[in-house]
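# Secondary and tertiary structure notes
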Amino acid sequence: MERRDKNNYYLDIAETVLERGTCLRRNYGAIIVKNDEIISSGYSGSPRGRKNCSDIGMCIRKKLNVPRGTHYELCRSVHSEANAIISASRKDMIGSVLYLVGKDADSKTLVENAAPCSMCKRMIINSGISKVIIRDSKDNYRIIEVNDWIQNDESLLGKTEY
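Residues numbered from 1 in each chain as written. Predicted model: local features only at pLDDT ≥ 70, side-chain atom pairs only at ≥ 80, totals over all residues. Heavy atoms only, no water.

Looking only at helices and strands, the chain has seven helices and five strands in total. Reading the chain from its N end, one meets helices and strands in the order α-β-β-α-α-α-α-β-α-β-β-α. Over its C-alpha atoms the chain spans a radius of gyration of 15 Å, differing by no more than 12% from the 15 Å that the globule rule assigns to 162 residues. C-alpha extents for the chain along the principal axes are approximately 40 × 40 × 30 Å. (Helix = DSSP H or I, 4+ residues; strand = E, 2+ residues; numbered from the N terminus. Rg over C-alpha atoms; globule rule 2.2 N^0.38 Å.)

Turning next to the sheet that holds strand β2 (residues 37–43). Here we have five strands laid out as an open sheet, ordered β2-β1-β3-β4-β5, and mixed in their pairing. On the outer flanks of this sheet lie β2 and β5 (141–145), each paired with one strand and no other. Between one strand axis and the next, the sheet turns by 20° as a mean value, whatever way the strands run. Two strands pair when backbone bridges link them, and strand β3 (residues 97–104) and strand β4 (residues 131–135) are joined in this way by four bridges, in the parallel orientation. Its bridge partner being in β4, L98 is matched across the sheet by V132. (Pairing = 2+ DSSP bridges. Axes fitted to C-alpha atoms, helices over the stretch in contact; angles between N-to-C directions.)

The backbone of D36 shows a phi angle near 60°, a positive value even though the residue is not glycine. Its location among the elements puts D36 in the loop between β1 (26–34) and β2. According to the relative accessible area criterion, D36 is partly exposed, its value standing at 48%. Positive phi outside glycine occurs at N113, with the angle close to 55°. Among the secondary structure elements, N113 is positioned in the loop between β3 and α6 (118–127). (Buried < 20%, exposed > 50% of the residue type's maximum accessible area, 1.4 Å probe, protein only.)

On to the UniProt feature "domain: CMP/dCMP-type deaminase" (unreviewed entry) in the chain, then. The UniProt entry lists residues 5–146 under the feature "domain: CMP/dCMP-type deaminase" (unreviewed entry), expressed in the numbering used here. Helix makes up 30% of residues 5–146 and strand 24%, whereas the separation of the span's terminal C-alpha atoms amounts to 22 Å. (UniProt positions renumbered as here; feature names shortened; annotations may be inferred.)

So, on to the nonpolar core. Ranked by size, the top nonpolar core spans 18 residues in total, and within it I32, L98, I124, I129 and V132 carry the most contacts. The set of elements that each furnish at least two residues to this core consists of β1, α4 (80–86), β3, β4 and α7 (146–151). Among the elements that line this core, the one with the most residues is β1, at three residues. Not counting the four nearest positions on each side in its chain, I32 is found in contact with E37, I38, I39, S40, A84, I85, M93, S96, V97, L98 and I129. In this structure, Y10, V97, Y99 and I133 belong to the second largest nonpolar core, which totals eleven residues. (Core = buried A, V, L, I, M, F, W, Y, C linked by side-chain atoms within 4.5 Å. Contact = heavy atoms within 4.5 Å.)

Bridge count between β4 and β5: five bridges; the pairing is antiparallel. When the sheet's bridge partners are listed, K131 is paired in β5 with E145. Between β4 and β5, which follow one another and run antiparallel, lie five residues.

Below, the discussion takes up the packing of aromatic side chains. Taken as a whole and judged by the stated rule, the model has two aromatic pairs. Considering the side-chain rings of Y10 and Y99, the 5.2 Å spacing of their centres and the 40° angle between planes classify their relative orientation as tilted. Placement of the pair is Y10 in helix α1 (residues 6–17) and Y99 in strand β3, with a sequence separation of 89 residues. Overall, the relative accessible area of 4% leaves Y10 in the buried class. Connected via pairs of aromatic rings, a cluster forms that spans Y9, Y10 and Y99. (Phe/Tyr/Trp six-rings, centres within 6.5 Å; stacked < 30°, edge-to-face > 60°.)

Right under this line is the structure:
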């Protein structure tokens with residue numbers, strides 16, 4: 001029996017987490033892992049106590065045809081990465097890995113070139129997370145060294161891909 005590699009194992013879990021997402025456009029799931037222990041998870045959804053897009057039956061960014069990577073201030077949701085970071089202690093996140101998977105809400109296909117938005121990148125940097133691993137296909141993923149974002153400030157300024 002061939003055993004699933006560890007990165008895909010954790011990405012599979014993040015992909016399950018995204019199923020709780022309430023966005024009508026794209027859903028993401030994130031888990032934070034340190035020393036082979038899941039310390040936190042998060043999915044895209046409105047702040048606690050507020051109605052989700054799935055509750056009101058509308059995504060304002062979808063309705064206005066807002067291009068991907070722009071005008072997140074219009075969105076009702078808290079991103080999955082932010083929700084995972086909010087739910088964890090910084091001391092536990094230092095040196096950890098964030099696994100991220102995104103799917104289109106309509107087609108259920110993986111989001112191409114998925115990446116944290118610039119605000120989530122800032123939170124990831126400040127949290128002490130060292131790597132972000134993003135699913136590109138069922139068995140393929142990208143590994144991003146967070147230190148590269150720190151060394152190359154321009155990566156925080158360009159178009160985001162969420």
